Amino acid sequence: MKLEVEVKNSKAEFILELLNNFSYVKTKRVLTEKEKIMKELNQAIDNVILVEKGKLKARDAKELLDEL
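Since we're looking at a predicted model, the values are computed, not measured. (Residues numbered from 1 in each chain as written. Predicted model: local features only at pLDDT ≥ 70, side-chain atom pairs only at ≥ 80, totals over all residues. Heavy atoms only, no water.)

Draft legend 1. Fine view of the overall build of the chain. For the chain, the count of helices and strands is three helices and zero strands. Reading the helices (α) and strands (β) of the chain from amino to carboxyl end gives α-α-α. Looking at the 68 residues of the chain, the share that counts as buried comes to 0%. For the chain, the computed accessible surface area is about 7400 Å², with 57% contributed by carbon and sulfur atoms. Between the centroid of the 14 positive side chains of the chain and the centroid of its 13 negative side chains there is a distance of 4 Å. (Helix = DSSP H or I, 4+ residues; strand = E, 2+ residues; numbered from the N terminus. Buried < 20%, exposed > 50% of the residue type's maximum accessible area, 1.4 Å probe, protein only. Areas by Shrake-Rupley, 256 points an atom, 1.4 Å probe, with all protein chains shown as cover. Lys, Arg positive; Asp, Glu negative; His and termini not counted. Charge placed at Lys NZ, Arg CZ, Asp CG, Glu CD.)

Next comes the structure, spelled out in structure tokens:
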């Protein structure tokens, strides 16, 4: 069974620690939209840095536009 529980930020760590003490409970953190966007933005920045260092091949702009 899956349950979704909303908890105040100030109590989240306590609730997670409590739930993780039960062997029959698995927890999974759900990202907010803002957190998802920030994660994707950080990944994009990391990719740009890798391209600049020559460790990752950049995509051709025409190829990108054709995909859209």
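Draft legend 2. Fine view of the packing of aromatic side chains. In the structure shown here, the tally under the stated rule is one aromatic pair. A centroid spacing of 5.5 Å and a plane angle of 40° characterise the contact between Phe22 and Tyr24, whose relative ring orientation is tilted. The partly exposed category is assigned to Phe22, whose relative accessible area is 34%. (Phe/Tyr/Trp six-rings, centres within 6.5 Å; stacked < 30°, edge-to-face > 60°.)

Draft legend 3. Focus on the pattern of salt bridges. Counted according to the given criterion, the structure contains five salt bridges. Two residues, Asp66 and Lys62, come together in a salt bridge whose shortest N-O distance is 3.5 Å. With Asp66 and Lys62 both in helix α3 (residues 61-67), this residue pair falls four residues apart, about one helical turn. Here the two residues Asp66 and Lys62 agree in accessibility, since each one is exposed. What you see here is one network of salt bridges that share partners, running through Arg59, Glu63 and Glu67. (Salt bridge = Lys/Arg side-chain N within 4 Å of Asp/Glu carboxyl O.)

Draft legend 4. Quick look at helix α2 (residues 33-53). For α2, which comprises 21 residues, the first-to-last C-alpha distance of 30 Å matches the rise-based estimate of 30 Å (1.5 Å per residue) to within 8%. A positive backbone phi angle near 80° is found at Gly54, which sits one or two residues after α2. (Expected span 1.5 Å × (residues − 1).)

Draft legend 5. Molecular detail of the environment of Glu17. With respect to the secondary-structure elements, Glu17 resides in helix α1 (residues 9-20). The spacing of Glu17 and Thr27 is 10 residues in sequence and 9.8 Å in space, taken between C-alpha atoms.

Draft legend 6. Broad picture of the environment of Ile37. Tracing the backbone shows Ile37 in helix α2. Using a relative accessible area of 51% as the deciding quantity, one classes Ile37 as exposed. For the pair Ile37 and Ile15, spaced 22 residues apart in sequence, the C-alpha to C-alpha distance is 26 Å.

Purely spatial values, then, with no claim about function.
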